[in-house]
Structure formats: structure tokens, C-alpha cells
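Structure assessment
Chain residues, written in single-letter form:
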Amino acid sequence: CMDRKIPIDFFDHHGKHIGSVITPKYIQSTLWAKQCMASNILKNSIALGIIEGKIKNQHALLKYFNKYHKNHYPGLLPKMALMDQSVSDFKNWKQTIDIEANDFVSKLMGHEAQVAIHYWDYIHELVSDDDVGFEHREHQGAHDLMNSMLNYGYAILYARMWQALLAARLNPFESIIHVRQEGKPTLVYDMVEIFRSQVVDRMVISLIQKGQDLEVRNGLLTDQTRQLLVKSIMERLARYEKYQGEEMKMENIIICQAKLLAKAFDGKERFKPYLAKW
């Protein structure tokens, strides 16, 4: 592996990266320097692609659920209208942006935050009668069932994205959108934004609405709940989706997106996010 510039990456059973065995030959062939030296215009362009992918995939997921539930949950219609409007506002803003502006990323994240508010507000209404105690999105320290499942599912997605970025010879710690933090793979956090809704949110909501035997005890998911969740997400990752005109497993789409990001940093292609069909 060392002779052939192949790194060996180690992950624990939670999907956290422990370390890597690499050769100086591998370091010489990475894109780490180009990541660090990338222009603001290139970084802003990639940031726009990531957030546009996140917003459109969130919107696609809500349209999917709305198609089947709008007649049974009257409260969903005004929530969906607000989501539609926030996405429309983002599209209109995109037509007028100055991608070279110093405050570009902050304005971009302002639109992302507005869409996220309406996205989670819709989901809150959707699961309001499922007795899961979901009030709003919580990250670390969540004790309710749905947030606990979401956080566990995202951890699985982080591991997949981390592996894909390392394989694409990118530095997982050199982020574009998230603020860099010592010891945190912030580029992983950037790229999973594209896939959160379609890989994790969709499966968590489906499990809850199917009435599966799901439970959280003392703030932790039970073994059975974790097993059901992992099985569901693994099946989603193995499911075929349309990507760039061909059928491809979701796990391979993640790999392709990491490779495309690498090509963008290398100046070979423009980064375009995966967009889900509904």
C-alpha cells in the first residue's frame, strides 16, 4: 500500500476517524495545498453549490412527504407554502448575488438558516401525532427519540463522507462553510449537508411513521432502535438513484461528489451538487 501511495485509514465502531498510515509519496499527491490556496471565488462557488444542494434536497423531501400526507394533515399546507416561498426567495437571491463579495458566505448561510426553519417546522407538524416528543432540531445532548435518531444517523453519514474525502485526497479538516475547529473534520460537515435530508431524515421519519418499535432510554437509543436505524440507513445507501444521467447507489454518489469536489479544487471541473428526484 505504501509503495502504491494507498493510505490505510482506521475508524472506530462509531465511525470516528482514529488515524491513518500514509507515505510521503501520498502526501505529495494530495490536493491539500490547493485546498488551502483556493481563491475566495472558487470557495464561494463551491459553498453555493453545497448549500443549493442542501436546500433543494430538503425541498424535494418535503414535496415527497407532502404528496402523500397533505390530505390527512391540513396543518401541513401552510407549512409547505412557507417552505416553497423560502426556496423561491433563495432562487431569486441567487440571480442577483456578487460571488466575489466579502460577505457572500454570511448572506448564503442566512438564506440556508431561513429555509432550515421552515423545513424543521414542517417536519414538526408531520410527526406531531407520532408521540416522539419532537419540538425542534437539537444537536449534542438531545434526549428525545427523533433527535437522538437523527444524530446517530448523521454519525453514520459522517463516516461515509470522511472516507470518501480521504480517498479523493482531500483534507477533511480544511472546510469551506463551517468554521475550522481543531480536531474537527469540518469539510466533512460541509459535504454531508447535501445528503442529510435524503439519507438520514427521510429514513428516520419513515421509521417513525411506520410505527416501528422505537425507544430512547435515559437519553440513549435502545439496541433494537439502533439496529433498525442502521439497517434502514444502510439500505438507503445501497439504493439506486439517478445521478448525472445514470443509475447509481447512493453510497457511490457520495464518493462521486467527493471526487468532483477534488476536481473543482484542482481546477478541472465545476462543483455541482447531487440533487434528489422526488
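Residues numbered from 1 in each chain as written. Predicted model: local features only at pLDDT ≥ 70, side-chain atom pairs only at ≥ 80, totals over all residues. Heavy atoms only, no water.

Turning our eyes to something else, we now look at the side chain of Asn147. By secondary structure assignment, the location of Asn147 is in helix α6 (residues 145–167). Looking at Asn147, its side chain comes within polar contact range of the side chain of Arg137, at 2.7 Å. Looking at Asn147, its side chain comes within polar contact range of the main-chain nitrogen of Glu138, at 2.9 Å. Once residues within four sequence positions are removed from consideration, Asn147 is found in contact with Phe134, His136, Arg137, Glu138 and Ala142. (Helix = DSSP H or I, 4+ residues; strand = E, 2+ residues; numbered from the N terminus. Polar contact = N/O pair within 3.5 Å; in protein donor to acceptor, adjacent residues only side chain to side chain. Contact = heavy atoms within 4.5 Å.)

Glancing now at the packing of α6 against helix α10 (residues 250–265). α10 packs onto α6 with a crossing angle of 45° between their chain directions and a minimal axis gap of 9 Å. Of the possible angle classes, the one that applies to α6 and α10 is oblique. Along this stretch, α6 crosses α10, giving a crossing that reads as right-handed. Counted together, Leu157, Arg160, Met161, Ala164 and Leu165 of α6 and Glu251, Ile254, Ile255, Ala258 and Leu261 of α10 form the full contact between these two elements. (Axes fitted to C-alpha atoms, helices over the stretch in contact; angles between N-to-C directions. Parallel < 35°, antiparallel > 145°, perpendicular 65-115°, else oblique. Left-handed = near helix turned anticlockwise from the far one by under 90°.)

Summed over the entire model, instances satisfying the criterion amount to 10 aromatic pairs. Summarising the aromatic geometry, the rings of Phe90 and Trp93 are spaced 6.0 Å apart at their centres and angled 40° between planes, so their arrangement reads as tilted. With Phe90 and Trp93 both in helix α4 (residues 76–94) and 3 residues apart, this pair spans about one turn of that helix. One exposure class covers both Phe90 and Trp93, and it is buried. Measuring from ring centre to ring centre gives 6.5 Å for Tyr243 and Tyr274, while their planes differ by 50°; the resulting arrangement is tilted. Here Tyr274 lies in the segment after α10 and Tyr243 lies in strand β5 (residues 240–243), a separation of 31 residues in the sequence. A relative accessible area of 1% means that Tyr274 is categorised as buried. Taken together through their ring pairs, the aromatic side chains of Tyr64, Phe65 and Tyr68 make up a single cluster. The lysine or arginine in question, Arg196, covers the ring of Tyr154, its NZ or CZ lying 4.5 Å from the ring centre. (Phe/Tyr/Trp six-rings, centres within 6.5 Å; stacked < 30°, edge-to-face > 60°. Buried < 20%, exposed > 50% of the residue type's maximum accessible area, 1.4 Å probe, protein only. Lys NZ or Arg CZ within 6 Å of the ring centre and 35° of its normal.)

Along the chain, the position of Glu52 falls in helix α3 (residues 40–69). Put simply, Glu52 and Ala38 are 14 residues apart on the chain and 20 Å apart in space, counted from C-alpha to C-alpha. For Glu52, the contacting residues outside a window of four places in its chain are Phe90 and Lys94. A distance of 2.7 Å separates a polar atom in the side chain of Glu52 from a polar atom in the side chain of Lys94.

Distances and angles like these do not, on their own, reveal function.
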